[in-house]
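As a plain string of letters, each chain reads:
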Amino acid sequence: MKVISYNLRKHRAATELAELITAHEPDILCLQECDVEALPDEIAGLKLAHATQGNRLGLALYYRMNTFGLKKMRAFGLKKSLHDRVLKPAHERVLGALLQDIDNGRELIVASFHAAPLTALNSLRRNQIRAALTELESMAPGVPVLMVGDYNYPVFKENLGQTIRDHGYTLTLSDDRTYTRYRVFKGHYDFATSDGFTIDSIQTLPQRSSDHRPILITAAVS
């Protein structure tokens, strides 16, 4: 299974999606910072499963219909940062899909996630990540979970990794930094947390019009 996660930088990189899908043939596409109203129902053979509705900068998830059946979608609100309360850019910060593999009948959960911005504390983002994983588990207890997206967590990943391990999950970074816009903030922002999956690789794809680079996750249910 191949999953691409991409922060579109306020939808600026949306025009790249068809070419990105054609080049890498993902089964699932997870987006952050997209203009929900401007999203098409289908992009290069992937169907829109759902998108958040209450966000200025929304989340969306596309999937390949001849590979997966869509059983359930849910969007979750998480604890808000001061930035969220004042500017109200985002209420729903995780969008999860319960999918069923058509070939083998196995269920799995894949989610697009966007943590609070860098103006918030790392402790708040850890709280959001724990809460997001707990909410996803509630969709179908015992089903493998893969959450990808923009974690906004470039430094002190030891604390984050321990938090995720304590929750029973694995943190996997990509092979190169994913955010390069500002020198002081360069680093790995976009990665994956998983339970019940084997992550074969996470490749950082070339940067184009977004301040984030897309990542390509190759994974399989364990």
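Refer to the structure presented above.
Read on for a plain summary of the structure. Numbers given to residues run from 1 along each chain, matching the order in which its sequence is written. For this predicted model, a pLDDT threshold of at least 70 governs which residues receive local features, and a threshold of 80 or more governs which side-chain atom pairs are given and counted, while totals over whole chains, interfaces and linings are taken from all residues. Derived side-chain values reflect all non-hydrogen atoms in the structure, with water molecules and hydrogen atoms excluded from consideration.

1. Concerning helix α1 (residues 17–24)
Now for step 1: In this scheme, a residue with accessible area under 20% of its type's maximum is buried, one over 50% is exposed, and one in between is partly exposed, where area comes from a 1.4 Å probe on protein chains only. Each helix corresponds to a stretch of at least 4 residues labelled H or I by DSSP, and each strand to a stretch of at least 2 residues labelled E; elements are numbered beginning at the N terminus. Buried residues of α1: Leu-17, Leu-20 and Ile-21, and no others. When α1 is viewed along its axis, its buried side chains cluster within an angular range of 95° and face the same direction. Facing away from the buried side of α1, by more than 90 degrees, are the exposed residues Thr-22 and Ala-23.
Now for step 2: For this analysis, residues touch if any pair of their heavy atoms sits within 4.5 Å. Structurally, α1 contributes buried residues whose contacts are with β1 (2–7), β2 (28–34), β3 (42–43), β4 (46–51) and β5 (58–64).
Now for step 3: Immediately beyond the C-terminal end of α1, within one or two residues, lies Glu-25, with a positive phi of roughly 50°. It is the directions from the helix axis to the C-beta atoms whose arc is reported.

2. A look at the nonpolar core
Now for step 1: Residues Val-94, Ile-109, Phe-113, Ile-129, Leu-136, Met-147 and Tyr-151 are the most contacted members of the largest nonpolar core, which totals 23 residues.
Now for step 2: When contributions to this core are tallied by element, the ones reaching two or more residues are β7 (92–101), β8 (107–114), α3 (122–139), β9 (145–150) and α4 (157–166).
Now for step 3: Broken down by element, this core gets its largest block of residues, five residues, from α3.
Now for step 4: If we skip the residues at most four places from it in the chain, Leu-136 touches Phe-76, Val-94, Gly-96, Ile-109, Ala-111, Val-145 and Met-147.
Now for step 5: Counting residues in each nonpolar core, the second largest holds 22 residues, with Val-3, Ile-28, Phe-197 and Ile-215 among its members. In plain words, nonpolar cores are sets of buried Ala, Val, Leu, Ile, Met, Phe, Trp, Tyr and Cys residues tied together by side-chain atoms within 4.5 Å.

3. Concerning the sheet that holds strand β12 (residues 197–204)
Now for step 1: Pairing between strands is defined by DSSP: at least two bridges between the two strands are required. Across the sheet, which stays open at both edges, the seven strands sit in the order β3-β4-β5-β2-β1-β13-β12 with mixed pairing between neighbours. At either margin of the open sheet sits one strand with a lone partner, and together these are β3 and β12.
Now for step 2: Where β4 lies against β5, five bridges are found, and the strand directions are antiparallel. Note that in β5 the partner of Leu-48 across the bridge is Tyr-62.
Now for step 3: The angle between two axes is taken between their N-to-C directions and runs from 0 to 180 degrees, where each axis is a line fitted to C-alpha atoms and a helix contributes only its stretch in contact. Taken strand by strand, α1 contacts β1, β2, β3, β4, β5 and β13 (215–221), and its axis lies near 155° from that of β1.

4. Here's the deal with the layout of surface pockets
Now for step 1: Definitions used throughout: a 1 Å grid over protein atoms alone; a cavity as a set of points that fits a 1.4 Å probe which cannot get out; a pocket as an open set with protein on both sides within 12 Å along at least five of seven lines; a lining residue as one with an atom within 4 Å of a point. Grid points are joined across faces, edges and corners, and a volume is the space filled by probe spheres set on the points. Considered as a void within the structure, the second largest pocket measures approximately 160 Å³ in volume.
Now for step 2: Along its surface, the second largest pocket is lined by Met-1, Asp-27, Thr-67, Phe-68, Asp-101, Asn-104, Arg-106, Leu-108, Phe-197, Ala-219, Ala-220 and Val-221.
Now for step 3: If one sorts the elements of the lining of the second largest pocket by residue count, β13 sits on top with three residues.

5. Topic: the packing of aromatic side chains
Now for step 1: Pairing of aromatic side chains requires ring centres within 6.5 Å, counting the rings of Phe and Tyr and the six-membered ring of Trp. Pairs whose planes differ by under 30 degrees are stacked, by over 60 edge-to-face, and all others tilted. Taken as a whole, this structure holds three aromatic pairs when the rule is applied.
Now for step 2: Relative to Phe-191, the ring of Tyr-151 has its centre 4.4 Å away and its plane inclined at 25°; by these criteria the two rings are stacked. Remark: Phe-191 occurs in strand β11 (residues 190–195) and Tyr-151 occurs in the loop between β9 and α4; sequence separation between them is 40 residues. We note that Tyr-151, like Phe-191, is buried.
Now for step 3: Among the aromatic residues, those joined into a cluster by ring pairs are Phe-113, Tyr-151 and Phe-191.

6. Brief notes about the sheet that holds β7
Across a sheet, paired strands are connected by hydrogen bonds in the backbone, their directions being either parallel or antiparallel.
Now for step 1: Within the open sheet, the six strands sit side by side as β6-β7-β8-β9-β11-β10. Their pairing is mixed. The open sheet has two free edges, formed respectively by β6 (68–77) and β10 (170–172), since each of these has just one partner strand. Put simply, the sheet's adjacent strands are angled 20° from each other on average, direction ignored.
Now for step 2: Across nine bridges, the pairing between β6 and β7 is antiparallel. Looking at the pairing, Phe-76 lines up with Val-94 of β7.
Now for step 3: Sheet contacts for α3: β6, β7, β8, β9 and β11; angle to β6, the most-contacted strand, approximately 140°.
Now for step 4: On the sheet, α4 packs against β10 and β11 and is oriented at approximately 140° with respect to β10.

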